[in-house]
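# Understanding the architecture of this molecule
These are the residues of each chain, in order.
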Amino acid sequence: MLIAGSGVKSQAPTHISFPEGLAGSTQFTISLPVSRKLLVFVRAGIGLFEAAVATVIIAVAVWELFPSISRSIAPPDFVRLVVTTLLWLPVPYCAALLFQAFLVEPLNFFPACYGLTFLLWLLHKMSPAVDVVRAFGAESPLLTHRLPLSQLATAELLAVTLLLVAVWAVQRREY
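Just so it is clear, the structure is predicted and the values come from calculations on it, not from any experiment. (Residues numbered from 1 in each chain as written. Predicted model: local features only at pLDDT ≥ 70, side-chain atom pairs only at ≥ 80, totals over all residues. Heavy atoms only, no water.)

### A word on the overall build of the chain
Looking only at helices and strands, one finds nine helices and zero strands in the chain. Counted from the first residue to the last, the chain has its helices and strands arranged as α-α-α-α-α-α-α-α-α. Within the chain, buried positions represent 33% of all 175 residues. Counting contacts in the chain only where the partners sit at least 6 residues apart, residues at least 24 apart contribute 68% of the total. About 10,300 Å² of surface is accessible on the chain, with carbon and sulfur atoms providing 73% of the total. (Helix = DSSP H or I, 4+ residues; strand = E, 2+ residues; numbered from the N terminus. Buried < 20%, exposed > 50% of the residue type's maximum accessible area, 1.4 Å probe, protein only. Contact = heavy atoms within 4.5 Å. Areas by Shrake-Rupley, 256 points an atom, 1.4 Å probe, with all protein chains shown as cover.)

### Here we look at the pattern of salt bridges
Pairs can form between side chains of opposite charge whenever their charged atoms are close. In total, this model carries three salt bridges according to the counting rule given. The partner of Arg-80 in a salt bridge is Asp-77, with the nearest N and O atoms 2.6 Å apart. With a gap of three residues between them, Arg-80 and Asp-77 both fall in helix α5 (residues 75-88), about one helical turn apart. On the basis of relative accessibility, which here comes to 26%, the residue Arg-80 falls in the partly exposed class. With a closest N to O distance of 3.8 Å, Glu-139 and Arg-134 form a salt bridge. Three or more residues joined by partner-sharing salt bridges are found here, namely Arg-134, Glu-139 and Arg-146. (Salt bridge = Lys/Arg side-chain N within 4 Å of Asp/Glu carboxyl O.)

### Examining unusual backbone geometry
Residues other than glycine seldom take positive phi values, yet His-145 does so here, at roughly 65°. Structurally, His-145 can be placed in the loop between α8 (141-144) and α9 (149-172).

### Some points on α9
Since the α-helix packs 3.6 residues into each turn, any two residues three or four apart lie on the same face. The end-to-end C-alpha distance of α9, which contains 24 residues, comes to 35 Å, matching closely the 34 Å that a straight helix rising 1.5 Å per residue would cover. Buried residues of α9: Gln-151, Leu-152, Thr-154, Ala-155, Leu-158, Ala-159, Leu-162, Leu-163, Ala-166, Val-167, Ala-169 and Val-170, and no others. (Expected span 1.5 Å × (residues − 1).)

### Quick look at the packing of helix α3 (residues 36-65) against α9
Their axes nearest at 9 Å, the elements α3 and α9 cross at an angle of 140°. The angle between the axes of α3 and α9 places the two elements in the oblique class. As for the relative orientation of α3 and α9, their crossing is right-handed in sense. Along its contact with α3, which presents Arg-36, Lys-37, Val-40, Phe-41 and Ala-44, the element α9 presents Leu-163, Leu-164, Val-167, Val-170 and Gln-171. Split into classes, the residues belonging to the contact of α3 with α9 amount to seven nonpolar, one polar and two charged. (Axes fitted to C-alpha atoms, helices over the stretch in contact; angles between N-to-C directions. Parallel < 35°, antiparallel > 145°, perpendicular 65-115°, else oblique. Left-handed = near helix turned anticlockwise from the far one by under 90°. Nonpolar A, V, L, I, M, F, W, Y, C, P; charged D, E, K, R; others polar.)

### What about the confidence of the model for the chain?
Overall, the prediction assigns the chain a mean pLDDT of 80, with 78% of residues at 70 or greater. Here residues 1-23 is modelled with pLDDT under 50, and outside its nearest four sequence neighbours on either side it reaches 41 contacts, counting other chains as well. (pLDDT = per-residue confidence, 0-100.)

### Focus on helix α6 (residues 90-100)
Taking burial as the measure, the eleven residues of α6 include ten buried ones, the bulk of the element. Three or more residues of α6 are buried, namely Pro-90, Val-91, Pro-92, Tyr-93, Cys-94, Ala-95, Ala-96, Leu-97, Leu-98 and Gln-100.

### A few points about the packing of aromatic side chains
Per the stated rule, a full pass over the model turns up three aromatic pairs. Ring centres 4.8 Å apart and planes at 35° place the aromatic pair Trp-63 and Phe-78 in the tilted group. With Trp-63 in helix α3 and Phe-78 in helix α5, this pair connects stretches of sequence that are 15 residues apart. For the residue pair Trp-63 and Phe-78, the accessibility class agrees, reading buried in each case. (Phe/Tyr/Trp six-rings, centres within 6.5 Å; stacked < 30°, edge-to-face > 60°.)

Below is the structure:
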């Protein structure tokens, strides 16, 4: 999440002072002649693409470097697990993006983690069908030999909702 959370950085500061953090780059980016909505969507798209590429590279490396994994897991099940991971990645990324819209950047990791954990806990209490974390537990492709469609649909809906709230917050915030 930290690698993907970096997204597009327009201007890196020469030193990071805690009160300002990377907010100097935010001021520079906001001054560019582009809509805030497009800016958030581009940042999310590039960040999610980076996360997806890193996930696929790591998955291929794990499959090739650890013969115990490649011998004990059927290739279609491993592919389903990677697809499940790729479809789940937007949830924490969009949660971090939402909190970045409200907080100073160095501090956004903690409330994003706590807020996302609370949201996932609420989904867990609601029903197994919407328990997003269950996609890696009882409904894992390694156990069921199928994709956990209801959990993944819930994850995508949650990610889109978090992204749209982040866009709404960025459009209405006074910088």
